[in-house]
Amino acid sequence: MKLGYKKIVVKVGSNVITQANGLPDEARIKHLVNQLADIKKQGIEVILVSSGAVASGRSLIKVSERQDAVTTRQLLAAIGQVKLINTYSNFFATHAIQCAQVLVTKEDFRDRAHYLNMKNCLQILLQNEVIPVVNENDVVSVTELMFTDNDELAGLIASMLNADALIILSNVNGIYNGDPKVEGSAVIEEISGSVANLASFIQTGKSQFGRGGMITKSTMAQKVAKLGITVHIANGTTADVLTSLLNHELVHTRFVPEKSKSGKKKWIAHSETAATGVVKLNDGAKTVLTSGKATSLLPVGIIEIQTDFLKGDIIKIIDENNNLIGLGIAEYGSDKARERIGQKKQKALVHYDYFYSAI
């Protein structure tokens, strides 16, 4: 494999492994498993994040139209997850490879202890030559407890396991410089840094069977690349997509990684929903914090503590216009922070080692 990765996370969208009629595409799943088996046999560690439980459930049971969307989803996911993991297990077995089911919810990542517990679980599977097949547990994940989609989950897993690359398989060839359906539109093959104007020409339509549109994918891809992990977005319906991509023979979109961040910063980066406190900074402090230099958050730049927090909590750091600057771990609680607002020569509220810049 020309790209020389040692550990990859592959995310397969429901639109890749679901037929137009809403039923699972087992031929496509088999083709992907064959490629993953070949990759694993070359000594590359593989983690698979796969949607498709609801589609699998749809193939097994007829649901009354009177049932509401949430309970229908729970019913289909509960039945379908069994079929989905059995499909993967049977196809991997033909290559003498074991796979394991790992079902997660957002709650499993809510604090450092839970996060490390999940990390240990995945690492022990990899150490024993098992391919983890990860999916959101749709049976218990409802509304506010859900990931935006499995792209967000895959980004979190890639960061957690310090993967070399995250490969997102969708039903388009990558991110285009215009509407993919319009003649003359081409795939942007390389994206580096934070590209604010990407959203202006990305199709806003979600895939037919999934929750995640291309804007979500590109936002998450930029975030993961910022943490030092290469992200590829490619068309999972292309024959031999993974082998071609890893051999550098496929037209797709690659997000160029920045310098790798520490494990703690990777965790903080994905902890926005777990943040308790909100701290507002003046523009001067914002400029210093986002300059890329090793700078801690000092009380002199704080103009307001908006919500309370304790020492060790994750806090959101916002600017004067309430835009997110970054996330960090508080060195002390909001009571002390309020006393020190605007004061010089005070201990940093967030140390540089525990600050993640979202800009």
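Residues numbered from 1 in each chain as written. Predicted model: local features only at pLDDT ≥ 70, side-chain atom pairs only at ≥ 80, totals over all residues. Heavy atoms only, no water.

**As for the overall build of the protein chain**
Summing up its helical and strand segments, the protein chain has 10 helices and 13 strands in all. The C-alpha atoms of the protein chain give 21 Å as radius of gyration, which agrees with the globular expectation for 359 residues (21 Å, within 12%). Counting every position in the protein chain, which comprises 359 residues, the buried fraction comes to 50%. Considering only intrachain contacts with a sequence separation of at least 6, the fraction spanning at least 24 residues in the protein chain is 73%. Surface accessibility of the protein chain: about 16,400 Å² in total, with carbon and sulfur atoms responsible for 49%. In the protein chain, 40 positive and 35 negative side-chain charges are present, and the distance between their average locations comes to 4 Å. (Helix = DSSP H or I, 4+ residues; strand = E, 2+ residues; numbered from the N terminus. Rg over C-alpha atoms; globule rule 2.2 N^0.38 Å. Buried < 20%, exposed > 50% of the residue type's maximum accessible area, 1.4 Å probe, protein only. Contact = heavy atoms within 4.5 Å. Areas by Shrake-Rupley, 256 points an atom, 1.4 Å probe, with all protein chains shown as cover. Lys, Arg positive; Asp, Glu negative; His and termini not counted. Charge placed at Lys NZ, Arg CZ, Asp CG, Glu CD.)

**Some points on the domain arrangement of the protein chain**
Taken domain by domain, the protein chain consists of domain 1 (7–265) and domain 2 (275–357). Counting from both sides, the interface comprises 6 residues of domain 1 and, opposite them, 7 residues of domain 2. Taking both sides of the interface into account, the surface hidden between domain 1 and domain 2 amounts to around 530 Å²; carbon and sulfur atoms contribute 58%. Where domain 1 touches domain 2, the interface holds 0 salt bridges. (Domains from an automatic or database assignment. Buried area = accessible area lost by both parts, 1.4 Å probe. Salt bridge = Lys/Arg side-chain N within 4 Å of Asp/Glu carboxyl O.)

**A few points about the UniProt feature "binding site: ATP" (unreviewed entry) in the protein chain**
When the UniProt feature table is mapped to this numbering, "binding site: ATP" (unreviewed entry) covers Lys11. Take lysine 11: it is sitting in strand 1 (residues 7–12). Residue class for lysine 11 comes out buried when judged on its relative accessible area of 5%. Ignoring anything within four residues of it in the chain, the contact list for lysine 11 reads Val49, Ser51, Asn150, Asp151, Ala154, Ile167, Ile168, Leu169 and Lys217. At 3.0 Å, the side chain of lysine 11 and the side chain of aspartate 151 are in polar contact. (UniProt positions renumbered as here; feature names shortened; annotations may be inferred. Polar contact = N/O pair within 3.5 Å; in protein donor to acceptor, adjacent residues only side chain to side chain.)

**Quick word on unusual backbone geometry**
Non-glycine residue aspartate 240 carries a positive phi angle of around 55°. Assessed through its relative accessible area of 37%, aspartate 240 is described here as partly exposed. Even without being glycine, asparagine 322 reaches a positive phi, approximately 65°. Topologically, asparagine 322 is positioned in the loop between strand 11 (314–318) and strand 12 (324–329). Under the relative-accessibility criterion, asparagine 322 is labelled partly exposed at 47%.

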